[in-house]
Amino acid sequence: MTSGAARLLREEQRATFLDLFLDLVFVFAIFRLSQGLRDHLNWSGAVQTLVLLLAVWWVWSQTAGVSNRFDPRRPTIQLLVIGSMFGSFVLAAAVPESFGEHGLLFAGAYVAVQVGRSLFLVIVTRGDERQRPEMRLLFWYGVSAVPWIAGAVVQGWARGVLWALALAVDYTAAPLRWPTPGLGRASATEFAISAEFLAERHRQFFIIALGELILVSGLTFTSSAFEADRSAAVVVAFATTVLLWRIYIHRAGEVFGGAVAAATDPLRVALSATYAHLVMVAGIVAISVGDELVITHPFGHAQPAWIAVILGGPALFLAGRAIFEYAVFGRVSRNRVAGVLVLAAMSPAMIFLPPVLVAAAAALVLAGIAVSDAARARGRPPEPPSPPG
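Description of the structure in this document. (Residues numbered from 1 in each chain as written. Predicted model: local features only at pLDDT ≥ 70, side-chain atom pairs only at ≥ 80, totals over all residues. Heavy atoms only, no water.)

**Observations concerning the packing of aromatic side chains**
Next, step 1: Tallied over the entire structure, the rule returns 19 aromatic pairs.
Next, step 2: Aromatic side chains F99 and W163 sit 5.2 Å apart centroid to centroid with 65° between the ring planes, which places their arrangement in the edge-to-face category. Of this pair, F99 sits in the loop between α4 (75-94) and α5 (103-124) while W163 sits in helix α7 (residues 157-173), and the two are 64 residues apart along the sequence.
Next, step 3: Aromatic side chains F139 and W140 sit 5.4 Å apart centroid to centroid with 85° between the ring planes, which places their arrangement in the edge-to-face category.
Next, step 4: Taking relative accessible area as the criterion, W140 reaches 19% and is therefore assigned buried.
Next, step 5: Members of the aromatic cluster, joined through ring pairs, are F99, F106, Y110, W148 and W163. (Phe/Tyr/Trp six-rings, centres within 6.5 Å; stacked < 30°, edge-to-face > 60°. Helix = DSSP H or I, 4+ residues; strand = E, 2+ residues; numbered from the N terminus. Buried < 20%, exposed > 50% of the residue type's maximum accessible area, 1.4 Å probe, protein only.)

**Quick notes on the layout of surface pockets**
Next, step 1: Of the pockets and cavities examined, the largest pocket occupies roughly 540 Å³.
Next, step 2: Mapped by element, the contributors of at least two residues to the lining of the largest pocket are α3 (43-69), α10 (266-296) and α11 (304-329).
Next, step 3: Looking at side-chain class alone, the lining of the largest pocket contains 16 nonpolar, four polar and no charged residues.
Next, step 4: Its volume calculated, the second largest pocket comes out at about 210 Å³.
Next, step 5: Those elements giving two or more residues to the lining of the second largest pocket turn out to be α9 (228-262), α11 and α13 (355-377).
Next, step 6: By residue class, the composition of the lining of the second largest pocket is four nonpolar, one polar and eight charged. (1 Å grid on protein atoms, 1.4 Å probe; cavity = no way out; pocket = protein on both sides within 12 Å on 5 of 7 lines; lining within 4 Å. Points joined across faces, edges and corners; volume = space filled by probe spheres on them. Nonpolar A, V, L, I, M, F, W, Y, C, P; charged D, E, K, R; others polar.)

**Here's the deal with unusual backbone geometry**
Next, step 1: The phi dihedral of R177 is positive, around 65°, even though this residue is not glycine.
Next, step 2: Judged by relative accessible area, which is 18%, R177 ranks as buried.
Next, step 3: Phi at W178 takes a positive value of approximately 50°, unusual for a residue other than glycine.
Next, step 4: Inspection of the secondary structure puts W178 in the loop between α7 and α8 (195-221).
Next, step 5: Residue W178 is classed as buried on the basis of its relative accessible area, which comes to 7%.

**With respect to the packing of helix α2 (residues 17-39) against α10**
Next, step 1: Two numbers describe how α2 lies on α10: the axes approach to 9 Å, and their chain directions differ by 60°. Relative to α10, the element α2 is oriented oblique. At the point where α2 passes α10, the crossing takes the right-handed sense. Residues I30, L33, S34, Q35, L37 and R38 of α2 touch α10, and the partners they reach there are V281, V285, A286, S288, V289 and E292.
Next, step 2: Classifying every residue of the contact of α2 with α10 gives seven nonpolar, three polar and two charged. (Axes fitted to C-alpha atoms, helices over the stretch in contact; angles between N-to-C directions. Parallel < 35°, antiparallel > 145°, perpendicular 65-115°, else oblique. Left-handed = near helix turned anticlockwise from the far one by under 90°. Contact = heavy atoms within 4.5 Å.)

**What about the environment of F28?**
Next, step 1: With respect to the helices, strands and loops of the structure, F28 is situated in helix α2.
Next, step 2: With 159 residues separating them along the chain, F28 and S187 place their C-alpha atoms 36 Å apart.
Next, step 3: In this view, F28 contacts F89, A92 and A93; residues no more than four positions away in its chain are not counted.

**Some words on α11**
Next, step 1: In this model α11 runs 36 Å from its N-terminal to its C-terminal C-alpha over 26 residues, within 8% of the 38 Å that 1.5 Å per residue would give.
Next, step 2: Along α11, the helix axis deviates most sharply at G312, where the bend reaches about 35°; the proline P314 sits within four residues downstream.
Next, step 3: Positive phi appears at G330, one or two residues downstream of α11, with a value of about 75°. (Expected span 1.5 Å × (residues − 1). Bend = angle between axes of the 7 residues up to and from the residue.)

**A few points about the packing of α9 against α10**
Next, step 1: The N-to-C vectors of α9 and α10 enclose an angle of 175°; their axes lie 11 Å apart at closest approach. With respect to α10, the axis of α9 lies roughly antiparallel. Between α9 and α10, the residues in contact are R230, A233, V234, A237, T240, L244, Y248, F256, A259 and V260 and P266, V269, A273, H277, M280, I284, I287, D291, V294 and I295, respectively.
Next, step 2: Of the residues contributing to the contact of α9 with α10, the split by class is 16 nonpolar, two polar and two charged.

**What to know about empty space enclosed by the protein**
Next, step 1: In this structure the tally under the stated criterion is two cavities of 30 Å³ or more.
Next, step 2: Its volume calculated, the largest cavity comes out at about 400 Å³.
Next, step 3: Contributing to the lining of the largest cavity are 22 residues, with S61, Q62, G65, N68 and L198 lying nearest its centre.
Next, step 4: Sorting the residues of the lining of the largest cavity by element identifies α3, α8 and α10 as the ones contributing at least two each.
Next, step 5: Of all the elements, α3 adds the most residues to the lining of the largest cavity, at eight residues.
Next, step 6: By residue class, the composition of the lining of the largest cavity is 14 nonpolar, six polar and two charged.
Next, step 7: Forming the boundary of the second largest cavity are 13 residues, of which T240, I287, D291, I310 and A359 lie nearest the centre.
Next, step 8: Only α9, α10, α11 and α13 provide two or more residues apiece to the lining of the second largest cavity.
Next, step 9: Grouping the amino acids of the lining of the second largest cavity by side-chain chemistry returns ten nonpolar, two polar and one charged.

**Here's the deal with the side chain of T180**
Next, step 1: Tracing the chain through its elements places T180 in the loop between α7 and α8.
Next, step 2: A relative accessible area of 8% places T180 in the buried class.
Next, step 3: The contact partners of T180, leaving out residues within four places of it in the chain, are R136, F139 and W140.

Interpretation note: all reported values are geometric properties and have no functional meaning in isolation.
Written out as structure tokens, the structure is:
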């Protein structure tokens, strides 16, 4: 290992101020995603938001991974992360019109961040074994760059298909261990994972996603008079945010790092948990839209699309939380599955209720799960992580 590359390697395994600084851009990104879904609240808008969320999430996870592999206290790495932050800021700014006139700006920012970051790391790790994983990432981001840019120069459904293909390349390469011409597949140790760092970063991202719910609720509530019905809607929205936090941290969120450390294949557990967090964040984006609608029209007519986000958001969160629980403990609590089924079963009847009562019903389901978790844990020793396989 060259002395220059060695100096770049990370020593401490805790998140730093630079890691938290990076996350600030993604508060803005999640906000833009929720606003885009609000403005296009239909099936087409939902699919487009999903594509954009997948892109935003992958940029965050890969940029956050730099601080797992390299020392964020070094000026070289700080410069890289800050440059990625700016690219991510441009990407987030382009989100609402990315399927319109800002498609090239969005795709260009995505490619610039992913390819640029990998190319930079290939250069600074030259002559060192740490260059191999960076070369793998550079190769695969070069492959996905083709459909990203091609999608940006076409319109309509063709853009969505090409961008979905690009994301399929990005998301499939990781579980396949980035097979690369001349290098083969990555070994289990090539992408070294710090269990506690990975767990801490995912917890932090989940918290900033919850922060976006607080931001949207506060902005919507203060946009007009503090009336009683709107105040009641804010109480429901805030209670829902608290319940999401409580259900998330219950054991699995607390011992995620231990599960990665105990796994025979840490990379597989890490990827499962990463994808689980993606599903949970997708639920939070939908809940954010629902909160804004509920606070703005607490006793209006609950349209089907409104019910879909008010109930579908918590259902998505619970589905992601179940996947996360399986990654940590190798099992899924029945109350998670029951919660999703109850939310789905009661949705047809919600058309007769005002939005604030629909949101209250969803909050009651979450409250039931939180109470069930607490009752099950009372008087029992903490369950140790037991990842599958």
